[in-house]
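Residues per chain, in single letters:
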There are 2 protein chains.
Amino acid sequence: MPGARPTSRDVARAAGVSQSTVSLVLGGKWEGRISPATAGAVRAAADRLGYRPNLAARSLRLGTTRTVLLMIPTLSAPFFGAVHAGAARVAAEHGFGIVVLPWPDDAGPARSPFAAPHEAIDGILASSLAVEAVARFPGTPAVMLDSDPAGPTPTVDFDVAGGMAALAAHLGALGHRRVGHVAAAIDQWTFRARGEALAAAVRALPGGSYRRAAGPLTVGGARAAALGLLDAPDPPTALVCDDDAMAAGAYKAARARGLAVPGDLSVTGFDDDQLATALEPELTTVRLPAAELGARGMAALLELLGGGAPAPVSLPGRLVVRGSTAPPPHDRRTGGIPGA
Amino acid sequence: MPGARPTSRDVARAAGVSQSTVSLVLGGKWEGRISPATAGAVRAAADRLGYRPNLAARSLRLGTTRTVLLMIPTLSAPFFGAVHAGAARVAAEHGFGIVVLPWPDDAGPARSPFAAPHEAIDGILASSLAVEAVARFPGTPAVMLDSDPAGPTPTVDFDVAGGMAALAAHLGALGHRRVGHVAAAIDQWTFRARGEALAAAVRALPGGSYRRAAGPLTVGGARAAALGLLDAPDPPTALVCDDDAMAAGAYKAARARGLAVPGDLSVTGFDDDQLATALEPELTTVRLPAAELGARGMAALLELLGGGAPAPVSLPGRLVVRGSTAPPPHDRRTGGIPGA
DNA sequence: CCGATCCAGTCATACGTATTACCAACGGTG
DNA sequence: CACCGTTGGTAATACGTATGACTGGATCGG
């Protein structure tokens, strides 16, 4: 049966050695036990037959899968593609593989007791939006991404507070004082932290006033929240949004009220994803180092699996100034423009 | 060691039966061989101990993983989240699990010979952009999504030709005759088919003229391609884009030339992703049933794994008319409207 | 020239499961 | 009572790998 996948025993037969020798050579632990000549012969035979070790057998023997689960809230944002790439790079360097599990997902987790690739796992790397999902894997080492560093699980975070402070400073320098926050109505650390940091930074501006409206993390949700802020008396001259998609909603609200961005209203986003440059005007936002989040998170998880206690990490974002922010318009309510 | 994971033998001991009995009961093949009372006791013990079968052992024994690989080009588009959800639903119904492998990915595939969860697999479901990647898994049953139905591999496709024809008909009804195609410079069936169908449909319009400019599948690439079309003599009055992101680029090109969308220029997209409603004006596009693509693809793959020969499937898209299309402006060059 | 070392490997085994072949007890039949 | 079919289970085994225990022969020190 030439079609059947070759086993280590087939390689052994082809090389004229025993199966154990094959395993030793291919496992790299042969120095001093197997002669270089034999090792070469084994490798040649393995190559010739196209041998690939049976992962199930290895896992069974070793009791470990060298596989890590990456839980991401959805396959939606390019953001998570970068997180995956960073994590995969580090994982591969250490001989680990990654299984991606979108969560929450429309289909929910496959609860089939039969095939559940996401259960054959040594550790978990979970994005903040999958916090509660980690509870489904009790006893499995986990590292949380962009989550509360005060929690029981090790974390690798973005410095969202720093990012919000940078946005506030940028707006303050342009002259804005009344800042509205278009917030995601999601009760999770990363969003709470954004709100608290922004509020503090805005209030620290001379004469600064902070107001907040929350909605679902969608374009439509943000539009409604932004309208709430714009329609209030004494409306803000700048809207800081928790996310680039929400900024798109803010754009829509501005247009609905006949306000030009950035002439009448400045808008900022967060993340710097594809939308940021697809919009008109292009969005001033904070770029989060997604790939590094994945890489550092995986490094922390590997340390944890090795018995260590990874220190919390906080990755700074970078303010990216584009066309959606400008000085505030002259204040019409107080007749601010001289001579108007 | 209470912390160790219980095995079927532990369950057997707890229930006072043999390991084989546990396996028979939990495998559901006990009718007529094991008394209902014993079966109940086994199930109770398994529950009490929190027994979960060891997947590696099962795979080793059965020679099958009941796991399918889903290859998608990137974790970026919400589109693929829907594909995954659809596929996962069908897979779970049949006791299969899904492993997601982003491909191509910045990190490339994890070539580590040690952990490669994407190698412990029974079949592959591959998006069109991962065509060549499937070649890396010779001998593994595969179904291609949105790919050339004439190829050697079974396919489940979108009726992209129908979608393009619908767009052309819509534009034709509005009065457009000169249509530009902002095409993705990717040599793959789905894009070739889009181009061919659009060209044919436009040319079938009375006086219809089709022109094409290709660029990378990005906002910037589309902007450049669109400018090429707009700057030519006798420019198109409508731009049909291969993708919603490319439509965003067309918007930018229009703005750069001082053209209003849709007053001076109609623009259409393809896919109907998040961008379509984030843009201003909202995009007329073709909605592709992504979840159904995943579901039907998985069904086809399961049929293939079962020894069948799945018939090709073609899923129709749906024209979604929003604010980016309108009748063409009066033709200044020829003064074309009757009576003008 | 003989015992100790070392080299280059091989043998045997265990990981946890699914399944085939087997078996004991029992009730019914002729 | 000898025979047989059925009921309700058990024993044994194989999947492919990694690894600790072991071994035949060569080398070396004394």
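Residues numbered from 1 in each chain as written. Chains lettered and ligands numbered in written order. Predicted model: local features only at pLDDT ≥ 70, side-chain atom pairs only at ≥ 80, totals over all residues. Heavy atoms only, no water.

### With respect to the overall build of chain A
In plain terms, the rule: Counting from the N terminus, the helices are the DSSP runs of H or I reaching at least four residues and the strands are the DSSP runs of E reaching at least two. Note on method: radius of gyration uses C-alpha positions; expected globular size equals 2.2 Å times residues raised to 0.38.
Of regular secondary structure, chain A possesses eleven helices and twelve strands. Here the C-alpha radius of gyration of chain A, 27 Å, is well above what a compact globule of 340 residues would show, namely 20 Å. Seen along its three principal axes, the alpha-carbon backbone of chain A occupies a region of about 100 × 40 × 40 Å.

### Focus: the protein's contact with DNA strand D
Put simply, the rule is: Whether a residue is near a molecule or strand depends on its heavy atoms: if one lies within 4 Å, it is near. N or O atoms within 3.5 Å of each other form a polar contact, as long as, within protein, one can give a hydrogen and the other can take it, and as long as residues adjacent in sequence are counted only when both atoms are side-chain atoms.
In the vicinity of DNA strand D there are 26 residues, among which A:S8, A:Y51, A:R61, B:T21 and B:S35 approach most closely. Contacts to DNA strand D include A:R33, whose side-chain N or O atom sits 3.2 Å from a base nitrogen. Between B:R33 and DNA strand D, the recorded distance is 3.2 Å, taken from a side-chain N or O atom to a base oxygen. Counting only elements with at least two residues in the surface near DNA strand D, the list comes to α1 (8-15), α2 (19-27) and α4 (55-62) of chain A together with α2 (19-27) and α4 (55-62) of chain B.

### Some points on the sheet that holds strand β8 (residues 238-241) of chain B
Residue and element names in this part refer to chain B. Note the following rule: Strands were regarded as paired on the criterion that DSSP finds at least two bridges between them. Throughout, an axis means a line fitted to C-alpha atoms (over the contacting stretch in the case of helices), and angles, computed between N-to-C directions, take values from 0 to 180 degrees. Working rule for contacts: check all heavy atoms of both residues, and any pair within 4.5 Å makes them a contact.
Spatial strand order, β7-β6-β8-β9: four strands in an open sheet with parallel pairing. Each edge of the sheet is formed by a strand with only one pairing partner; in this case those strands are β7 (209-215) and β9 (266-268). On average, each strand axis in the sheet is tilted by 20° relative to the strand beside it, whichever way the strands run. Note that strand β6 (residues 178-184) and β8 share four bridges and pair parallel. Bridged to V182 within β8 is C241. The sheet strands contacting helix α9 (residues 219-231) are β6, β7 and β8, and the helix crosses β7 at an angle near 145°.

### Digging into the packing of helix α5 (residues 78-93) of chain B against helix α12 (residues 290-305) of chain B
All names here are of chain B. Applicable threshold: Any angle that falls under 35 degrees is termed roughly parallel, while one over 145 is termed roughly antiparallel, one within 65 to 115 roughly perpendicular, and all others oblique. Working rule for handedness: look at the near helix, and if it is turned counterclockwise from the far one by less than a right angle, call the crossing left-handed; if clockwise, right-handed. Residues are grouped as follows: Ala, Val, Leu, Ile, Met, Phe, Trp, Tyr, Cys and Pro are nonpolar; Asp, Glu, Lys and Arg are charged; all remaining types, including Gly, are polar.
At a minimum axis distance of 6 Å, the contact between α5 and α12 shows a crossing angle of 40°. The angle between α5 and α12 falls in the class oblique. Remark: the crossing between α5 and α12 carries right-handed chirality. For the pair α5 and α12, the contacting residues are F79, A82, V83, G86, A87, R89, V90 and A91 in the first and A290, A291, L293, G294, A295, M298, A299 and L302 in the second. When its residues are assigned to classes, the contact of α5 with α12 shows 13 nonpolar, two polar and one charged.

### Examining helix α11 (residues 290-305) of chain A
Residues and elements named next belong to chain A. Rule in force here: Given the number of residues in a helix, its expected span is that number minus one, multiplied by 1.5 Å. Exposure categories follow from relative accessible area, calculated using a 1.4 Å probe and restricted to protein chains: below 20% of the type maximum is buried, above 50% is exposed, and the middle band is partly exposed.
Spanning 16 residues, α11 covers 22 Å between terminal C-alpha atoms, matching the ideal 22 Å at 1.5 Å per step. Along α11, the residues classified as buried are A290, L293, G294, A295, G297, M298, A300, L301 and L302. Just downstream of α11, G307 is the residue with a positive phi angle, here 100°.

### Things to note about the packing of aromatic side chains
We count it as follows: Side-chain rings of Phe, Tyr and Trp (the six-membered ring for Trp) are treated as a pair once their centres are within 6.5 Å; stacked means planes under 30 degrees apart, edge-to-face means over 60, and tilted covers the remaining angles.
The full count for this structure, using the stated rule, is four aromatic pairs over all chains. Taken together, a centroid distance of 5.1 Å and an interplanar angle of 90° make the contact between B:F79 and B:F80 edge-to-face. Through a chain of ring-to-ring contacts, the aromatic side chains of A:F79, A:F80 and A:F158 assemble into a single cluster.

### Re α4(B)
Note the cut-off: Taken from the helix axis, the directions to the C-beta atoms give the arc we talk about.
Burial in α4(B) covers these residues: B:L55, B:A56 and B:S59. For α4(B), the angular spread of buried residues about the axis comes to 100°, placing them on one side. If you follow the buried residues of α4(B), they end up packed against α4 of chain A. Two or three places before B:A56, at the start of α4(B), stands the capping residue B:N54, its side-chain oxygen 2.8 Å from that residue's backbone nitrogen.

### Digging into the UniProt feature "domain: HTH lacI-type" (unreviewed entry) in chain A
Test applied: UniProt positions are given in the numbering used here, feature names are shortened, and annotations may be inferred rather than shown by experiment.
Feature annotation in UniProt assigns "domain: HTH lacI-type" (unreviewed entry) to the following positions: residues 6-62 of chain A. The annotated region residues 6-62 of chain A carries 68% helix and 0% strand content, and the separation between its end C-alpha atoms amounts to 20 Å.

### Some points on the pairing of strand β7 (residues 209-215) of chain A
Residues and elements named next belong to chain A. Note the cut-off: Call a crossover right-handed when, viewed with both strands pointing away from you, the route from the first strand across the helix to the second goes clockwise.
Strand direction decides the pairing type here: strand β6 (residues 178-184) and β7, joined by seven bridges, are parallel. If you follow A184 over to β7, its bridge partner there is G215. One crossover worth recording links β6 to the parallel β7 by way of helix α7 (residues 189-203), and it is right-handed.

### Side note on the protein's contact with DNA strand C
Contacts to DNA strand C come from 26 residues, most closely from A:T21, A:T38, B:S8, B:Y51 and B:R61. The contact atoms of DNA strand C, taken as those within 4 Å of the protein, divide so that sugar and phosphate hold 57%. A:R33 is positioned with one of its side-chain polar atoms (N or O) 3.4 Å from a base oxygen of DNA strand C. Side-chain polar atom of B:Y51 to a phosphate oxygen of DNA strand C: 2.5 Å apart, as the coordinates give it.

### Points about the environment of B:L283
All names here are of chain B. Along the polypeptide, L283 turns up in the loop between α11 (274-278) and β10 (285-287). Here the alpha-carbon distance between L283 and D244, two residues 39 residues apart in the chain, equals 7.9 Å. Beyond its immediate stretch of four places on either side in the chain, L283 contacts D244, A247, Y251, V267, T268, G269, A276, V320, R322 and S324.

### Remarks on the side chain of A:D272
All names here are of chain A. Structurally, D272 can be placed in the loop between β9 (266-268) and α10 (274-278). Separated by 3.1 Å, the side chains of D272 and R322 make a polar contact. Apart from residues lying up to four places away in sequence, D272 is in contact with D244, T285, V286, R287, V320 and R322.

### Here's the deal with the packing of α2(A) against helix α3 (residues 36-49) of chain A
Residues and elements named next belong to chain A. Between α2 and α3, the least distance of the axes is 10 Å, while the angle of their chain directions is 90°. Looking at the two axes, α2 sits roughly perpendicular to α3. Facing T21, V22, V25 and L26 of α2, the residues of α3 in contact are T38, A39, V42, R43 and A46. When its residues are assigned to classes, the contact of α2 with α3 shows six nonpolar, two polar and one charged.

### Quick notes on the sheet that holds strand β8 (residues 238-241) of chain A
Residues and elements named next belong to chain A. Spatial strand order, β7-β6-β8-β9: four strands in an open sheet with parallel pairing. Lying at the two open borders of the sheet, with one neighbouring strand each, are β7 and β9. Across the sheet, the mean angle separating the axes of adjacent strands is 20° when strand polarity is ignored. Relative to β7, helix α8 (residues 219-231) is tilted by about 145°, and along the sheet it contacts β6, β7 and β8.

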